[in-house]
Amino acid sequence: MGTKDGRRALLAALAGALACAATAGVTWYPADDWQDTPDPIASPHAKKGGTVRFNGGMPPKSFCEYVDNNTYTRMTFSLMYETLISTDTETLEFVPSLARRWAVSDDGREFTFVLDERARWSDGEPVTAEDVKWTFDAVMDPKNDTGPYKVMMGSFESPEVVDARTVVFRKKGDSPKDWRDIMNCGMFYILPKHHFAGGDFNKIDLLDAPVSGPYRLSRIAEQVETEWSRVPGWWRADFPSCRYVCNFDRIVLRYYIDNENAFEAFKKKSIDVYPVYTARIMRNETHGEKFDRNWILKRRVRNHNPVGYQGFAMNLRKWPFDDRRVRIAMAKLIDRETMNRTMMFNEYFLQRSYYEDLYDEAHPCPNPLYLFDPEGAAALLAEAGFAKNPKTGALEQNGRAFKFTFLSRSGSDEKFLSLFNAELRKLGIEMKIERKDFAAWMRDMDAFNFEMTWQSWGAGIFKNPETAWLSTEADRKGSNNTVGFKSAEVDALIAAEKSMTTMAARSEAYKKIDALVAAEAPYAFLWNVAATRLLYWNKFGMPASVLSRFSNEECILSYWWYDEDRAQELDAAMKNHTCLPAVPLEVDFDAVTKAAE
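Here the residue numbering is sequential within each chain, running from 1 through the sequence in written order. Whole-chain, interface and lining totals are the exception, using all residues; otherwise, since this is a predicted model, local features are given only for residues with pLDDT of at least 70 and side-chain atom pairs are given and counted only at 80 or more. By convention in this description, side-chain values take in all heavy atoms of the structure and omit both hydrogens and water.

Participant: Can you walk me through the overall build of the chain in this structure?
Facilitator: Numbering goes from the N terminus for both helices and strands, where a helix is a DSSP run of H or I of at least four residues and a strand is a run of E of at least two. Each helix and strand in the chain was counted, giving 20 helices and 28 strands. Since a compact globule built from 597 residues should have a radius of gyration of about 25 Å, the 26 Å found for the chain is in line with a globular shape. Dimensions of the chain, computed from the C-alpha atoms along their principal axes, are close to 85 × 70 × 50 Å. In this scheme, a residue with accessible area under 20% of its type's maximum is buried, one over 50% is exposed, and one in between is partly exposed, where area comes from a 1.4 Å probe on protein chains only. Each of the 597 residues in the chain was classed as buried or not, and the buried ones make up 54%. Note on contacts: a residue pair is in contact if any heavy atoms of the two residues lie within 4.5 Å. A separation of at least 24 residues holds for 72% of the contacts in the chain among residues at least 6 apart in sequence. Computed with the Shrake-Rupley method and a 1.4 Å probe, the accessible areas treat only the protein chains shown as cover for residues. For the chain, the accessible surface area stands at approximately 25900 Å², while carbon and sulfur atoms represent 51% of it. Charged-residue counts in this description rest on Lys and Arg as positive and Asp and Glu as negative, His and the chain ends being excluded. Here the site of a charge means atom NZ of a Lys, CZ of an Arg, CG of an Asp or CD of a Glu. The distance from the centre of the 77 positive side-chain charges to the centre of the 86 negative ones in the chain is 3 Å. It is over C-alpha atoms that the radius of gyration is taken, and the globule rule equals 2.2 Å times the number of residues to the power 0.38.

Structure follows, in structure tokens:
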């Protein structure tokens, strides 16, 4: 028996000995005494059935997250396909998913996954190690537009199939050990090889495709709406952790490019749930019979959902934003305090960090908070060599007028850009606003074809600064380092944090990265909100905490349910113009869970 064949036999034997928690050279997970337990957020009162309709924003270019990495694609893709392992919604510990067990070698360079023999695609075919390998190879294929996933998975060789249910990932020889390795090889979504192999991955069609998750893509009305249907006989439906979740029979995303149009559609019951991203709507437009009689309910949920960041992103590859002084000057020309007070009812906090959740009152963020300061901006521009042309009034550097294009994807930014533009004009700066639809905007962003734009990013519990700030990512089209940030010092910190074994140590590294990036001001920060604001028609049941510990409105699809009795009461109340019971506006996750204990 050859060395390779012998190793295959050994791994196959290990895969069969699932009762053994540790073997020479490897450690098996989960622990022998681990048991699947009910999700503490999921309510035993949940019922299956009904439909929930969300605003899907702009129709995506693809329903595959690998090809189109946006909020709603990620949200729905995770309902269709599963990863080898996942995380506990409360503790964040790794737990089985498609893989029943997994092993990590003592040197941290090999990861073995044993698939659950019960795992099935919705067409009845088993989920196999070949599916895992094919998905990995497709994502890593240079001809496929799979963006950030190439970074996450790029430190691994193509996985080895040991047998039908066992697959091994090995780190590349020059790839350093990274605490995220188990996530990077164990938490990408596995697709069915038998259905997709041979096709164009960039044009992958998920309509009625086999899935391993609780929902399948069942209907597409181009540019209008898309429907997902609950899969009968989902292979994990009876697992304790999966009871009372994924309760809707159908999930519908209806596409309203403009947020105001979506709100109007919501009030007409064309969509059922409306996450509020505009303070004016929450403050001024939630009155009248529908709201006063509690046909539509309002909630503001504070939990532990990490806060992302947003701002005017500047392309550091292009003049004049390749100069740090110019970028800081732009930040000083945005009157954020006035905008927050007059347009957003002081509902937001002004951002100064790319990792806001690393700080609290006891440990405040030391990054500079750039407030409105036209004189300071003018001084910085003068220091950078800009001066007004006395004949034209244009601000120039070596005879080159300071003019740029702001790439916009929404008309809702007009009032903010108007104030910003007024300050630019006072200094002799010309800003042209170019509006494009979301798809065209995304194409330009993927190609770094912009000078300044409004960009926002979400946040995760497990942070990965590499995708956003690593220097080599600044040169890879379609990366998350859209601004073109490069820093040898940040690169060194990113490399160092990969080997840090504690969250505390990594948090300190992230704070240092945060300070270095903030000092360069690739984004002129705007604002954010530390709560999830929701409006919804009063026909749903939900957990007392409304949302889970670390999630936003996306978890509604997992934990809420259609309540037929409430729906009938709503119809009767609207017909008779009567009131329904009220609910508290403010929901504090910690207070709710503590009271339940």
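Participant: Explain the pattern of salt bridges to me, please; I cannot follow it from the model alone.
Facilitator: If charged atoms from side chains of opposite charge come close, those side chains can pair. The salt bridge criterion pairs a side-chain nitrogen of Lys or Arg with a carboxyl oxygen of Asp or Glu, the two atoms within 4 Å. This structure, assessed with the given rule, holds 48 salt bridges. R280 is paired through a salt bridge with E260; the nearest N and O atoms lie 2.2 Å apart. Pair noted here: R280 is in helix 8 (residues 279-284) and E260 is in helix 7 (residues 259-267), with a separation of 20 residues, a long-range link. Measuring nitrogen to oxygen at the nearest pair gives 3.2 Å for the salt bridge that ties E520 to R327. Taken together, the positions of E520 in helix 17 (residues 503-520) and R327 in helix 10 (residues 324-332) put the pair 193 residues apart, joining distant regions of the chain. Look at R327 and you get buried, because its relative accessible area is 2%. Shared partners join several salt bridges into a network, and the residues in it are R283, R300, E347, R533 and E586.

Participant: In this structure, what is going on with the sheet that holds strand 13 (residues 273-275)? I would like to understand it.
Facilitator: Strand pairing within a sheet occurs via backbone hydrogen bonds; the two strands may be parallel or antiparallel. With mixed pairing, the four strands of this open sheet are ordered in space as 13-25-14-28. The sheet is open, and its two borders are formed by strand 13 and strand 28 (586-588), each paired with just one other strand. Strand-to-strand twist across the sheet, computed as the mean angle between neighbouring axes with direction ignored, equals 25°. Lines fitted to the C-alpha atoms define the axes, with helices restricted to the stretch that makes contact. Angles between their N-to-C directions range from 0 to 180 degrees. Where helix 20 (residues 589-596) meets the sheet, it contacts strand 14 (296-302) and strand 28, and its direction lies at approximately 65° from that of strand 28. Strands are labelled as partners when DSSP assigns at least two bridges between them.

Participant: Any chance you could explain helix 3 (residues 129-140) here in plain terms?
Facilitator: Residues separated by three or four positions in an α-helix point in the same direction, a consequence of the helix having 3.6 residues per turn. What a helix should span is 1.5 Å times the count of its residues minus one. If you check helix 3, its first and last C-alpha atoms are 17 Å apart, about what twelve residues at 1.5 Å a residue would give, namely 16 Å. All of the buried residues along helix 3 are A129, D131, V132, W134, T135, F136, A138 and V139. Taken together, the buried residues of helix 3 touch strand 7 (110-115), helix 4 (149-153), strand 8 (160-163), strand 9 (166-170) and helix 6 (193-196).

Participant: I'm lost on the packing of aromatic side chains in this one. Help?
Facilitator: What describes a pair of aromatic rings is the distance from one ring centre to the other and the angle between the planes of the rings. Pairing of aromatic rings covers Phe, Tyr and Trp, the last through its six-membered ring, and needs centres within 6.5 Å; plane angles under 30 degrees mean stacked, over 60 mean edge-to-face, and all others mean tilted. Per the stated rule, a full pass over the model turns up 47 aromatic pairs. With a centroid separation of 5.3 Å and 80° between ring planes, the pair formed by F321 and F404 is classed as edge-to-face. Placement of F321 in the loop between strand 15 (309-314) and helix 10 and of F404 in strand 20 (residues 403-408) is noted, with a sequence separation of 83 residues between them. F404 matches F321 in its accessibility class, with the two residues each being buried. Grouped by ring-pair contacts, the aromatic residues Y66, F77, Y81, W121, W134, Y149, Y189 and F201 constitute a single cluster. Directly above the aromatic system of F156 lies the positively charged group of K171, at a separation of 5.5 Å from the ring centroid. By definition here, charges over rings are those cases where NZ of Lys or CZ of Arg is within 6 Å of the ring centre and within 35 degrees of the ring normal. Above the face of the W179 ring, R506 is positioned so that its terminal group lies 3.7 Å from the ring centre.

Participant: What is the right way to look at the nonpolar core in this model?
Facilitator: Side chains that are nonpolar tend, in soluble globular proteins, to be buried together. The set of buried Ala, Val, Leu, Ile, Met, Phe, Trp, Tyr and Cys residues whose side-chain atoms join them within 4.5 Å is what this entry labels a nonpolar core. Grouped together as the largest cluster of nonpolar side chains are 111 residues, with contacts concentrated most on Y66, Y81, F113, F169, L206, W469 and W560. If one sorts the elements of this core by residue count, helix 3 sits on top with six residues. Each residue touching F169, except ones within four places of it in the same chain, is listed here: L84, R109, E110, F111, F113, V132, F136, F156, P159, C185 and F188. In terms of nonpolar packing, the next biggest core, distinct from the first, is built from 40 residues, M330, F386, W454 and A521 among them.

Participant: Would you take a moment to explain helix 19 (residues 564-576) for this structure?
Facilitator: For helix 19, spanning 13 residues, the distance from its first C-alpha to its last is 18 Å, which sits close to the expected 18 Å at 1.5 Å a residue. Within helix 19, burial applies to A567, L570 and A573. Down the axis of helix 19, the buried set is contained in an arc of 125°. They therefore lie on one face. Of the surrounding secondary structure, the elements contacted by the buried residues of helix 19 are strand 25 (532-537) and strand 27 (561-562). As used in this structure description, the phrase polar contact means that two N or O atoms lie within 3.5 Å; if the pair is within protein, one of them must be able to donate a hydrogen and the other to accept it, and residues adjacent in sequence are counted only when both atoms belong to side chains. A side-chain oxygen of the first residue of helix 19 lies 3.1 Å from the backbone nitrogen of D565; this N-cap is D563. Relevant arc is that of directions from the helix axis to the C-beta atoms, nothing else.

Participant: It is not clear to me how the pairing of strand 10 (residues 215-221) should be interpreted in this structure. Could you clarify?
Facilitator: The two faces of a sheet get side chains in turn, since along a regular strand they alternate between them. Here strand 10 pairs with strand 11 (residues 225-230) via six bridges, running antiparallel. In the strand pairing of strand 11, Y215 is matched with R230. Taken together, strand 10 and the strand that follows it, strand 11, pair antiparallel across an intervening segment of three residues, in which Q223 is found at a positive phi of about 65°.

Participant: Would you take a moment to explain the confidence of the model for the chain for this structure?
Facilitator: Low-pLDDT portions of the prediction should not be read for the details of their coordinates. What pLDDT reports is the predictor's confidence in each residue, on a scale of 0 through 100. Chain-level pLDDT for the chain is 92 on average; 96% of the residues reach the 70-or-more range. Segment residues 1-23 is flagged for pLDDT under 50; beyond a separation of four residues in sequence, or across chains, it makes 33 contacts in the model.

Participant: I would appreciate a short explanation of the packing of helix 10 against helix 12 (residues 374-383) in the present structure.
Facilitator: When two helices pack together, you describe them by how their axes are tilted relative to each other and by the distance separating the axes. Packing of helix 10 against helix 12 leaves a shortest axis separation of 8 Å and a crossing angle of 165°. Regarding the angle of helix 10 to helix 12, the classification is roughly antiparallel. The element helix 10 and its partner helix 12 pack so that their crossing is left-handed. Between helix 10, through R325, V326, I328, A329 and K332, and helix 12, the contact on the second element is made entirely by P374, G376, A377, L380, L381 and E383. When describing relative orientation, an angle under 35 degrees is termed roughly parallel and one over 145 degrees roughly antiparallel, while 65 to 115 degrees is termed roughly perpendicular and anything else oblique. Working rule for handedness: look at the near helix, and if it is turned counterclockwise from the far one by less than a right angle, call the crossing left-handed; if clockwise, right-handed.

Participant: Sorry, what's going on with the sheet that holds strand 11 here?
Facilitator: Strand order across the open sheet formed by four strands is 3-12-11-10, with mixed pairing between neighbours. Strand pairing shows two members of the sheet lacking a second neighbour, strand 3 (51-55) and strand 10, which therefore form its edges. Across the sheet, the axes of successive neighbouring strands diverge by a mean angle of 20°, strand direction being ignored.

Participant: How do you make sense of the environment of D200 when you look at a structure like this?
Facilitator: Position of D200 among the secondary structure elements: in the loop between helix 6 and strand 10. Residue classification places D200 among the partly exposed residues on the basis of a relative accessible area of 42%. Placed 56 residues apart in sequence, D200 and N144 show a C-alpha to C-alpha distance of 8.5 Å.

Participant: Just checking my understanding: could you explain unusual backbone geometry for this structure?
Facilitator: Negative phi is the rule for most residues except glycine; trans is the rule for most peptide bonds. Omega for the bond connecting Y29 with P30 falls within 30 degrees of zero, at -10°, which places this linkage in the cis form. The omega angle of the peptide bond from W319 to P320 is 0°, so this bond is cis rather than trans. Within the fold, P320 resides in the loop between strand 15 and helix 10. Even without a glycine there, the phi angle at D208 is positive, about 60°.

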